[in-house]
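Examination of the molecular architecture
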Amino acid sequence: MPKLKPETIWPTEAEAAAIDAGIAADPDSREWSEADFAQAKPASEFFDQKTYAGLTALSQRGKRGPQKAPTKERITIRLSPNVVETFRATGEGWQTRIDEALQDWIKAHKVA
């Protein structure tokens with residue numbers, strides 16, 4: 001299970017009960033019983049070979065793995081809390097934006 005962010009908001013007991021009631025009321029999204037799990041088949045057995053290959057190709061699209069020739073170096077750096085907060089507030093990709101800001105600084109300043 002992925003690590004939850006500190007700002008994760010859990011539903012109250014009343015909200016959780018309303019969610020569970022909504023699930024129970026929807027015949028298309030009911031909770032599975034032991035019999036349902038026993039009757040289930042893997043997708044590879046359910047779909048024809050061509051469809052299954054297409055589905056698995058879709059699930060692999062956009063996945064990233066280790067770079068074959070890394071273009072960046074992994075380091076540890078200590079930054080001021082306000083710098084980190086400001087960049088994190090800009091959303092996903094904030095570390096790349098810090099890299100871009102440092103690249104801009106290098107262009108503007110002569111490094112000895």
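Position numbers for residues count from 1 along each chain, tracking the sequence in the order it is written. Totals for whole chains, interfaces and linings use all residues, but because this is a predicted model, local features are given only for residues with pLDDT of at least 70 and pairs of side-chain atoms are given and counted only at 80 or more. Side-chain calculation: all heavy atoms of the structure are included, whereas hydrogens and water are not.

It is worth spelling out the overall build of the chain at this point. Counting its regular elements, the chain contains 6 helices and 0 strands. Helical segments are the DSSP runs of H or I of at least four residues, strand segments are the runs of E of at least two, and each set is numbered from the N terminus. Of the regular secondary structure in the chain, the N- to C-terminal order runs α-α-α-α-α-α. Radius of gyration (C-alpha) of the chain: 24 Å, far over the 13 Å computed for a compact globule of 112 residues. Its C-alpha atoms give the chain principal-axis dimensions of about 70 × 45 × 20 Å. We call a residue buried when its accessible area falls under 20% of the maximum for its residue type, exposed when it is over 50%, and partly exposed in between, using a 1.4 Å probe and counting protein chains only. When the 112 residues of the chain are sorted by exposure, 4% land in the buried category. Only the C-alpha atoms count toward the radius of gyration. The rule for a globule is 2.2 Å times the residue count to the power 0.38.

On to the environment of W32. Looking at where W32 falls in the secondary structure, it is placed in the loop between α1 (13-25) and α2 (34-39). Working rule for contacts: check all heavy atoms of both residues, and any pair within 4.5 Å makes them a contact. Residue contacts for W32: discarding those within four places in its chain leaves F37 and A40.

What follows deals with the environment of R78. Tracing the backbone through its elements, the reader meets R78 in the loop between α4 (49-60) and α5 (81-88). The sequence separation of R78 and W32 amounts to 46 residues, and the corresponding C-alpha distance is 48 Å.

What follows covers the environment of D48. Looking at where D48 falls in the secondary structure, it is placed in the loop between α3 (43-46) and α4. Judged by relative accessible area, D48 falls into the partly exposed class, the value being 47%. Throughout this description, a polar contact denotes any pair of N or O atoms lying within 3.5 Å of each other; where both atoms belong to protein, one of them has to be capable of donating a hydrogen while the other can accept it, and for residues adjacent in sequence the pair is counted only when both atoms sit in side chains. Within the structure, D48 has its side chain in polar contact with the backbone nitrogen of K50 (distance 3.1 Å).

Moving on, we come to the packing of α5 against helix α6 (residues 94-108). The contact between α5 and α6 brings their axes to 8 Å, and the two run at 115°. Remark: the crossing between α5 and α6 carries right-handed chirality. For the pair α5 and α6, the contacting residues are V84, F87 and R88 in the first and W94, R97, I98 and A101 in the second. Amino acids outside the nonpolar list (Ala, Val, Leu, Ile, Met, Phe, Trp, Tyr, Cys, Pro) and the charged list (Asp, Glu, Lys, Arg) are all regarded as polar, and Gly is one of them. Counted by class, the contact of α5 with α6 contains 5 nonpolar, no polar and 2 charged residues. Comment: axis = line fitted to C-alpha atoms, over the contacting stretch for helices; angle = value between 0 and 180 degrees taken between N-to-C directions. Helix crossings fall into two classes, left-handed where the near helix is turned counterclockwise from the far one by less than a right angle and right-handed where it is turned clockwise.

A grouping of F46, F47, Y52, L55 and L58 is seen on the molecular surface, where their side chains present a nonpolar patch of about 480 Å² in accessible area. Among the structural elements, Y52 can be located in helix α4. Patch members must show over 30% relative accessible area and no salt bridge, and they are joined within 9 Å when carrying like charges or within 5 Å when they are nonpolar side chains of Val, Leu, Ile, Met, Phe, Trp or Tyr. Shrake-Rupley sampling with a 1.4 Å probe provides the accessible areas, and residues are treated as covered by the protein chains on show and by no other component. Any Lys or Arg side-chain nitrogen found within 4 Å of a carboxyl oxygen on Asp or Glu counts as a salt bridge.

Time to look at α4. To estimate the expected span of a helix, count its residues, drop one, and scale the result by 1.5 Å. Its 12 residues place the ends of α4 17 Å apart at the C-alpha level, agreeing with the 16 Å of an ideal helix rising 1.5 Å per residue. One side-chain oxygen at the N-terminal end of α4 lies 3.1 Å from the backbone nitrogen of K50; it belongs to D48.

What follows deals with the side chain of D36. Examined against the element boundaries, D36 turns out to sit in helix α2. By relative accessible area, which is 16% here, D36 ends up buried. Those residues in contact with D36 that sit more than four places away from it in its chain are R30 and E31.

Distances and angles like these do not, on their own, reveal function.
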